[in-house]
Number of protein chains: 2
Amino acid sequence: MDLIEVVHGERELFARAGHLFDVDELACAANTLFTWWRTNPEPQPNPRRLKRLRKMFRLSAMLDPSWSQQAHVMAEHGAEVRVTADELNETLLLGHRFVIMAGDMSRGERSYSVISAPEAVQGIHALYEAAWRAASPLEVHDASMVELRPLTPGILTALNDGLTDEAAARALGLSLRTYRRRVAELMAAMGATSRFQAGSRARELGLV
Amino acid sequence: MDLIEVVHGERELFARAGHLFDVDELACAANTLFTWWRTNPEPQPNPRRLKRLRKMFRLSAMLDPSWSQQAHVMAEHGAEVRVTADELNETLLLGHRFVIMAGDMSRGERSYSVISAPEAVQGIHALYEAAWRAASPLEVHDASMVELRPLTPGILTALNDGLTDEAAARALGLSLRTYRRRVAELMAAMGATSRFQAGSRARELGLV
DNA sequence: CACCTCGTGGCCACAAGCTGCCATGCTCGG
DNA sequence: CCGAGCATGGCAGCTTGTGGCCACGAGGTG
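Residues numbered from 1 in each chain as written. Chains lettered and ligands numbered in written order. Predicted model: local features only at pLDDT ≥ 70, side-chain atom pairs only at ≥ 80, totals over all residues. Heavy atoms only, no water.

## Focus: the protein's contact with DNA strand C
For step 1, the next point in the chain: Near DNA strand C you find 13 residues, and of these A:Thr178, B:Asp165, B:Arg177, B:Arg180 and B:Arg195 are the closest.
For step 2, the next point in the chain: Among all atoms of DNA strand C positioned within 4 Å of the protein, those belonging to sugar or phosphate total 53%.
For step 3, the next point in the chain: Between DNA strand C and A:Arg182 there is a distance of 3.0 Å, counted from a phosphate oxygen to a side-chain nitrogen or oxygen.
For step 4, the next point in the chain: For the surface near DNA strand C, the elements supplying multiple residues, two or more each, are α8 (176-190) of chain A together with α8 (176-190) of chain B. (Near = heavy atom within 4 Å. Polar contact = N/O pair within 3.5 Å; in protein donor to acceptor, adjacent residues only side chain to side chain. Helix = DSSP H or I, 4+ residues; strand = E, 2+ residues; numbered from the N terminus.)

Set out below in structure tokens:
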């Protein structure tokens, strides 16, 4: 394999580089590639060989109950899970010799770079470590979401139905101030600074 | 075929009901089913047999340049095209004996009802005619979009970037009043009454 | 029981957005 | 050339949203 190789789509990626997953340490950031790999029938990870698994979820993705559930299932199965507010690209660190990074969508498929150049792999590892240290452990994230989490679906429904904050607060049994506080937290978690952006992001994340 | 039949997905629909498209008059509402049919290799419409083709596009869809382009291409090829502000479901009227109506997504595929019960077909025809009369001919729609159309991409970008109206107006070379006038028109075209809804709809329509 | 922490809610100042009204100017047709 | 129609832009009044500040109360801990 060349020092860097670009493939298109997950099937091609795993056909060409699936064997690289046979490592004892795996770290990943963002959401979908790892999920695709775990649900892909070939090749499956050797459960005894993998000694350390780390996963960083995006904060915005964690607003989705199914992602949140998945994070907890992974944690229960021994993975180290953190949550980051940064909008990281899909990244997979396979041991210390290979890295897979997602690129752009083209022709309906995402491209992936499989990198084995030692300098690049090392640099990406260092960046991953920095992002990992800055991210919140899952339990800290959970604690900070105690007030927002149960209200998120209701708030998103109210916003998507076009209710004013006053009407939405009444509908959800909250004061106007608290409703607005929760909306601000939700917008921050989605990385949105305006209501339009929040609507766009919520739809993009599949939350509405 | 029974008086009403439900199928799942476009492939099954055309496998089961493709022969029904061999009619001399066809009317449809909304966007994707007709497009799917025209790009499906089997069966193709008999160009000499089809005497009248009518198509109603949703106003919100017409904000997308590719849909707008498609509407014009159809009009140039002899179809009667109108634009409606109503959020119609996918509907195909095949002559005066069959109707296909889209249902919900399930298991990643949309369900379709193929209806041949004469009373239902007649009722749906009457509703279609009413909606058709209420819709705007393509040229009337175009005239009303003269100011908004060229600005739509820029406005959507500005909104999605979280710019204030004042900053966006400056960026687009418009006065604040005119920018806000255009945003209001865009929101009306999308059927949105709040900025959050507009963001959600824009993302849903693939406009951002 | 007292004290501390923290979430809630009311109030307020300010910013951003919504829309009506009207003056102005441009374009087009008679 | 003139008048009508219509889009723009400024202004204003109002609504909605943003977030700080503070009082209060609940819960937990020593």
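From this point, things continue past the structure.
## Structural notes on the domain arrangement of chain A
Residues and elements named next belong to chain A.
For step 1, the next point in the chain: By the assigned domains, chain A splits into domain 1 (4-139) and domain 2 (149-204).
For step 2, the next point in the chain: Between the C-alpha centres of domain 1 and domain 2 there is a distance of 31 Å.
For step 3, the next point in the chain: At the interface, six residues of domain 1 touch six residues of domain 2.
For step 4, the next point in the chain: By the criterion of area lost to domain 2, the three top residues of domain 1 are Leu59, Ser60 and Leu63, representing 71% of everything that side buries.
For step 5, the next point in the chain: Between Arg201 and Glu87 there is a salt bridge whose closest N-O contact spans 3.2 Å. (Domains from an automatic or database assignment. Contact = heavy atoms within 4.5 Å. Buried area = accessible area lost by both parts, 1.4 Å probe. Salt bridge = Lys/Arg side-chain N within 4 Å of Asp/Glu carboxyl O.)

## A closer look at α8(A)
Because an α-helix packs 3.6 residues into every turn, residues spaced three or four apart end up facing the same way.
Residue and element names in this part refer to chain A.
For step 1, the next point in the chain: Taking 1.5 Å as the rise per residue, α8 with 15 residues should run 21 Å; its terminal C-alpha atoms sit 21 Å apart, in good agreement.
For step 2, the next point in the chain: When α8 is considered as a whole, its buried residues turn out to be Tyr179, Arg182, Val183, Leu186, Met187, Ala189 and Met190. Viewed end-on, α8 has its buried residues packed into an arc of 160 degrees, placing them on one side of the element. Along α8, exposed side chains directed more than 90 degrees from the buried face belong to Arg177 and Ala188.
For step 3, the next point in the chain: Its buried side turned inward, α8 meets α6 (152-160), α7 (165-172) and α9 (195-204). (Expected span 1.5 Å × (residues − 1). Buried < 20%, exposed > 50% of the residue type's maximum accessible area, 1.4 Å probe, protein only. Arc of directions from axis to C-beta.)

## Structural notes on the UniProt feature "domain: HTH luxR-type" (unreviewed entry) in chain A
For step 1, the next point in the chain: What UniProt calls "domain: HTH luxR-type" (unreviewed entry) maps, in this numbering, to residues 148-202 of chain A.
For step 2, the next point in the chain: Between the first and last C-alpha atoms of residues 148-202 of chain A the distance is 15 Å; the span itself is 73% helix and 0% strand. (UniProt positions renumbered as here; feature names shortened; annotations may be inferred.)

## Thoughts on the nonpolar core
Residue and element names in this part refer to chain A.
For step 1, the next point in the chain: Counting 53 residues, the largest nonpolar core has Leu13, Leu26 and Ile100 as the members making the most contacts within it.
For step 2, the next point in the chain: In terms of residue count, α8 provides more of this core than any other element does, six residues in total.
For step 3, the next point in the chain: In contact with Leu13, not counting residues within four places along its chain, are Val7, Gly18, Leu33, Ile100, Tyr112 and Val114. (Core = buried A, V, L, I, M, F, W, Y, C linked by side-chain atoms within 4.5 Å.)

## Comments concerning the packing of aromatic side chains
All names here are of chain A.
For step 1, the next point in the chain: Going through the model one piece at a time under the given rule, you end up with six aromatic pairs over all chains.
For step 2, the next point in the chain: Ring geometry for Phe14 versus Phe21: centroids 5.1 Å apart, planes at 35 degrees, classification tilted.
For step 3, the next point in the chain: Phe14 gets classed as buried once you look at its relative accessible area, which sits at 5%.
For step 4, the next point in the chain: Geometry around Phe57 places Lys55 over its ring, the cationic atom sitting 4.1 Å from the centre. (Phe/Tyr/Trp six-rings, centres within 6.5 Å; stacked < 30°, edge-to-face > 60°. Lys NZ or Arg CZ within 6 Å of the ring centre and 35° of its normal.)

## Side note on the sheet that holds strand β8 (residues 136-137) of chain B
Backbone hydrogen bonds are what pair the strands of a sheet, in a parallel or an antiparallel way.
Residues and elements named next belong to chain B.
For step 1, the next point in the chain: Strand order in the open sheet made by the eight strands is β1-β7-β6-β5-β2-β3-β4-β8, with mixed pairing throughout. Looking at the sheet topology across the chains shown, the edges are occupied by β1 (4-8) and β8.
For step 2, the next point in the chain: Bridge count between strand β3 (residues 52-58) and strand β4 (residues 80-84): five bridges; the pairing is parallel. Its bridge partner being in β4, Arg54 is matched across the sheet by Glu80.
For step 3, the next point in the chain: In the packing of helix α1 (residues 10-17) onto the sheet, the strands contacted are β1, β6 (98-106) and β7 (109-115), and the crossing angle to β1 comes to about 140 degrees. (Pairing = 2+ DSSP bridges. Axes fitted to C-alpha atoms, helices over the stretch in contact; angles between N-to-C directions.)

## Considering the relation of the copies chain B and chain A
For step 1, the next point in the chain: Mapping chain B onto chain A leaves a residual RMSD of 0.1 Å; the transformation is a rotation of 180 degrees accompanied by 0.1 Å of translation along its axis. These values place the two chain copies in the arrangement generated by a two-fold rotation axis.
For step 2, the next point in the chain: A share of 100% of interface residues in chain B that are also interface residues in chain A marks the association as one of identical surfaces. (Least-squares fit on C-alpha atoms with pLDDT ≥ 70 in both.)

## Notes on the confidence of the model for chain A
For step 1, the next point in the chain: Looking at chain A, the pLDDT average stands at 89 and 95% of residues meet or exceed 70.
For step 2, the next point in the chain: For chain A, per-element mean pLDDT is lowest for helix α2 (residues 32-39) of chain A, which scores 74, and highest for α9(A), which scores 97. (pLDDT = per-residue confidence, 0-100.)

## Things to note about the interface of chain B and chain A
For step 1, the next point in the chain: Taken residue by residue, the interface counts 17 residues in chain B and 17 residues in chain A.
For step 2, the next point in the chain: A combined buried area of about 1400 Å² lies between chain B and chain A, and 60% of that area is made up of carbon and sulfur atoms.
For step 3, the next point in the chain: Its largest share of buried area at the contact with chain A, chain B owes to B:Phe196, B:Ser200 and B:Arg203, together 47% of the area lost on that side.
For step 4, the next point in the chain: Its salt-bridge partner being B:Glu204, residue A:Arg203 comes within 3.5 Å of it at the nearest N-O pair.
For step 5, the next point in the chain: Our count for the contact surface shared by chain B and chain A stands at six residue pairs in polar contact (both at pLDDT 80 or more).
For step 6, the next point in the chain: Only α6 (148-160) and α9 (195-204) of chain B provide two or more residues apiece to the side of chain B that touches chain A.
For step 7, the next point in the chain: Element by element, the count of residues in the side of chain B that touches chain A is highest for α9(B), at nine residues.
For step 8, the next point in the chain: Of the residues that constitute the side of chain B that touches chain A, the class distribution is six nonpolar, seven polar and four charged. (Nonpolar A, V, L, I, M, F, W, Y, C, P; charged D, E, K, R; others polar.)

## Comments concerning helix α4 (residues 118-134) of chain A
All names here are of chain A.
For step 1, the next point in the chain: When the terminal C-alpha atoms of α4 are compared, their 25 Å separation across 17 residues agrees well with the 24 Å that a helix rising 1.5 Å per residue should span.
For step 2, the next point in the chain: Turning to α4, its buried residues are Val121, Ile124, His125, Tyr128, Ala131 and Trp132. Considered in projection along α4, the buried side chains sweep an arc of 130 degrees and stay on one side of the axis. The exposed residues of α4 that point more than 90 degrees off its buried face are Glu119, Gln122, Leu127, Arg133 and Ala134.
For step 3, the next point in the chain: Residues of α4 that are buried in the fold lie against β2 (25-29), β3 (52-58), β4 (80-84), β5 (91-94), β6 (98-106) and β7 (109-115).

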